[in-house]
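# Topology and contacts: notes
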Amino acid sequence: MKLLKITKFATCIKSNSRYNKVSDKFGYSISANYNAHNGYFTNEFNGDPADDQYSASGRLRLVWQVSDKFSLENISSYEKSEQYGFPYAVYDTENSSAGDVNYNDESGYKRDLFSNGLVVKYRNENVELLSTTSYTYYDGLMDADQDYTAAPIYYFHTGDIQNMISQELVLKSVNNTKYNWLFGAYGFYQNMDQQTTGDIYTAKMKQDIQSDFDISGLALFHQSTINDFIIENLTLTAGIRLDLEKDKLGYSLASAIGDAPLNTTVEEDYEENFTEILPKLALKYKFNNSLNTYATVSKGYKSGGFNTNSSIDISEYRSYDAEQSWNYELGFKSSMANNRLYFDAAVFYIDWKEQQIDVPVPGGRGNMKTNAGESVSKGFELFVKARPGKNWEATLGYGYTHATFIDHVVSEELNYNGNFIPYVPRSTVNVGVNKVVEFKNGFLDKMIANLSYRGVGKHYWNLDNSNYQDYYGLVDGKLSFVSGKVQLDIWGKNIFNNSYNSYYFEIAQLHKSYVQLGKPASLGVNLKVTF
């Protein structure tokens with residue numbers, strides 16, 4: 001542990017304006033947010049920040065209560081953000097040490113994101129009908145020195161334009177004490193056009209990769225809840241969902257050596273269809289108003305998809321399969337001392353089939369998704385919240401996870417059975433203390449002090465478990481001053497400047513490992529104004 005050393009200073013300015021009720025039936029709110037951060041790391045190659053970020057966003061919410069039974073709500077938001085560079089450093093696996101952030105080509109990421117959601121609700125004394133219509137537009141551009149070194153090896157530009165529309169309808173019963181039901185349907189369509197152009201300097205090669213995705217899906221679902229099932233205070237909930245999805249990919253790769261024109265060498269079309277039935281069953285028993293216990297069994301699912309990394313030269317790596325899991329949980333929730341003390345506990349067991357994992361492209365650049373045959377995750381979680389005095393609150397959370405591969409044999413030489421699943425911490429710890437001081441007279445209305453600790457247990461970075469991050473803990477603090485419609489926050493993160501790595505990856509083609517360094521001690525200011 002090191003003494004406090006503030007390495008960076010960041011500012012964040014927020015303004016939220018015009019929360020206004022025009023009439024008894026119509027209201028609106030408008031908010032705006034600007035965030036500027038000068039980054040934590042310096043690119044030693046040119047002395048520029050490696051991760052400074054800027055973003056601006058706005059949000060408009062309209063609510064219209066047309067009648068006692070019918071209402072409309074629309075939420076629109078837009079965000080524009082820019083990040084300059086990526087704080088990745090070459091990692092020495094033998095000495096478990098990271099070098100400096102040091103790469104020669106300018107890198108960055110720009111994003112425009114717009115979303116709109118329309119919610120239509122009808123409710124009478126028996127049923128409620130809810131319709132949610134959403135649209136999302138995304139336009140992103142990433143420039144990356146993909147070797148992350150001072151040598152001219154790789155440089156790629158990737159542009160994404162995505163459009164997605166979805167519709168959900170839910171019809172459910174209301175005001176039934178014994179039996180409640182729900183029926184629903186969900187559908188979506190997503191299109192993404194992606195173009196990646198790049199230079200492989202060592203081979204004097206240029207590449208142009210086109211990836212056109214079309215993804216559509218439909219889901220039908222139902223849930224029934226029976227209260228006082230068999231005995232008083234026992235609740236049974238049973239649900240089922242049918243998921244259908246179709247994924248299409250049009251992929252082409254053009255390349256050229258030296259000054260020669262681009263020549264299309266790969267042009268392929270792929271299509272995958274996924275169908276899954278997902279049941280769920282839950283029991284909850286209420287001992288009294290302060291204690292209940294529950295047990296759940298459910299099937300989980302994640303559809304498959306496609307890898308578009310241009311360094312993949314084996315067709316079987318182009319796609320990956322759907323992931324299924326059976327999830328089991330048993331726990332209880334309680335409150336004591338007149339709701340001044342809360343205690344929750346749960347144990348869980350997850351049995352995965354074809355779990356989707358990220359692995360380095362064999363002999364290539366970057367990562368790709370593949371499937372592990374079978375894996376298991378089991379553990380427990382504890383949570384305590386206490387209110388020991390007026391305007392005091394303290395929380396404590398602990399989680400333990402043991403996640404391993406049961407059947408993941410790639411070849412005779414590569415057998416990962418029994419190894420820990422990468423990126424899953426063995427334990428997590430969260431501690432927080434919050435105090436509110438109210439002022440009856442004077443300029444300030446109140447002051448809020450918060451101190452928190454977050455611990456992340458040992459976790460492995462790669463399949464053979466040869467590289468890992470040991471346990472580390474971070475202390476954060478925030479002091480907020482509130483006066484009328486103005487709030488000023490002064491915060492510090494990783495106050496004791498503990499060192500850790502937050503991410504790890506490999507580039508097989510270069511036989512190099514890399515890490516993203518954890519954020520050092522930092523100080524920031526937030527300003528929030530409500531009109």
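Everything quoted here is computed from the prediction, not taken from an experiment.

Across its full length, the chain holds zero helices and 29 strands. For a compact globule of 531 residues, the expected C-alpha radius of gyration is about 24 Å, and the chain comes in at 26 Å, within 12% of that figure. Judged by the C-alpha coordinates and their principal axes, the chain covers about 75 × 60 × 50 Å. Counting over 531 residues, the chain shows a buried share of 38%. Only carbon and sulfur atoms are counted for the fraction: they give 55% of the accessible area of the chain, which is about 28700 Å². In the chain, which carries 49 positive and 62 negative side-chain charges, the distance between the mean positions of the two groups comes to 14 Å.

Turning to the packing of aromatic side chains, a few remarks are in order. Enumeration over the complete set of coordinates arrives at 27 aromatic pairs. Pairing Y91 with Y504 gives two aromatic rings, centres 6.1 Å apart and planes at 90°, and the pair type is edge-to-face. Here the residue Y91 occupies a position in strand 5 (residues 88–92), and Y504 occupies one in strand 27 (residues 501–507), the gap between them amounting to 413 residues. Taking the relative accessible area as the measure of exposure, Y504 reaches 1% and is therefore buried. Between Y472 and Y500, the ring centres sit 4.2 Å apart and the planes meet at 10°, which makes this aromatic pair stacked. Of this pair, Y472 sits in strand 25 (residues 472–483) while Y500 sits in the loop between strand 26 (486–493) and strand 27, and the two are 28 residues apart along the sequence. The same class applies to Y472 and to Y500, which are both buried. The structure contains a cluster of three or more aromatic residues connected by ring pairs, namely F86, Y88, Y91, Y103, Y148, Y423, W461, Y503, Y504, F505 and Y514. Taking NZ or CZ as reference, K385 lies 5.1 Å from the ring centre of Y342, over its face. The ring of Y468 has K458 lying over it, and the distance from NZ or CZ to the ring centre is 4.2 Å.

With that settled, consider unusual backbone geometry. Negative phi characterises most residues that are not glycine, and trans characterises most peptide bonds. A positive phi angle is found at S96, which is not glycine, with a value near 50°. Residue position: S96 is located in the loop between strand 5 and strand 6 (97–98). S96 sits in the exposed class, given a relative accessible area of 52%.

So, about the environment of L382. Position of L382 among the secondary structure elements: in strand 19 (residues 367–386). Assessed through its relative accessible area of 36%, L382 is described here as partly exposed. For the pair L382 and P425, spaced 43 residues apart in the sequence, the C-alpha separation amounts to 16 Å. Residues contacting L382, with those up to four places away along its chain left out, are F343, D344, A345, L396, G397 and Y398.

A few words now on the confidence of the model for the chain. The predicted model of the chain has a mean per-residue pLDDT of 92, with 96% of residues at 70 or higher. Contacts from residues 1–9, a stretch scored under 50 in pLDDT, to residues over four places away or in other chains number 29 contacts.

Another point: the pattern of salt bridges. Overall, the coordinates contain 14 salt bridges when judged by the stated rule. In this structure, R111 engages E79 in a salt bridge whose closest nitrogen and oxygen atoms are separated by 2.5 Å. Pair noted here: R111 is in strand 7 (residues 108–123) and E79 is in strand 4 (residues 70–84), with a separation of 32 residues, a long-range link. When its relative accessible area of 24% is taken as the criterion, R111 is described as partly exposed.

As summarised here, the arrangement of the four strands in space is 6-5-28-27, forming an open sheet in which the pairing is antiparallel. This sheet does not close on itself; its edge strands, each paired only once, are strand 6 and strand 27. Judged from the four bridges that link them, strand 5 and strand 28 (residues 512–517) form a sheet pairing that is antiparallel. Opposite V90, over in strand 28, you have Y514 as the bridge partner.

Here 14 bridges tie strand 4 to strand 7, and the two strands are oriented antiparallel to one another. Bridge pairing in strand 7 places S77 opposite S115. Across 16 bridges, strand 7 lies against strand 8 (residues 127–144) in antiparallel orientation. When the bridges of strand 8 are listed, K121 appears paired with L130.

What follows covers the side chain of S131. Counting through the fold element by element, S131 comes out in strand 8. Given a relative accessible area of 16%, S131 falls into the buried group. Setting aside chain neighbours within four positions, we find S131 in contact with L118, V119, V120, Q167, E168 and L169.

A cluster of nonpolar side chains, namely Y78, F114, Y135, I165 and Y189, defines an oily patch on the protein surface of about 440 Å² accessible area. Tracing the backbone shows Y189 in strand 10 (residues 179–200). A relative accessible area of 38% places Y189 in the partly exposed class.

Reading the values: rules and limits
- Residues numbered from 1 in each chain as written.
- Predicted model: local features only at pLDDT ≥ 70, side-chain atom pairs only at ≥ 80, totals over all residues.
- Heavy atoms only, no water.
- Helix = DSSP H or I, 4+ residues; strand = E, 2+ residues; numbered from the N terminus.
- Rg over C-alpha atoms; globule rule 2.2 N^0.38 Å.
- Buried < 20%, exposed > 50% of the residue type's maximum accessible area, 1.4 Å probe, protein only.
- Areas by Shrake-Rupley, 256 points an atom, 1.4 Å probe, with all protein chains shown as cover.
- Lys, Arg positive; Asp, Glu negative; His and termini not counted.
- Charge placed at Lys NZ, Arg CZ, Asp CG, Glu CD.
- Phe/Tyr/Trp six-rings, centres within 6.5 Å; stacked < 30°, edge-to-face > 60°.
- Lys NZ or Arg CZ within 6 Å of the ring centre and 35° of its normal.
- Contact = heavy atoms within 4.5 Å.
- pLDDT = per-residue confidence, 0-100.
- Salt bridge = Lys/Arg side-chain N within 4 Å of Asp/Glu carboxyl O.
- Pairing = 2+ DSSP bridges.
- Patch = residues over 30% accessible without salt bridge, like charges linked within 9 Å, V, L, I, M, F, W, Y side chains within 5 Å.

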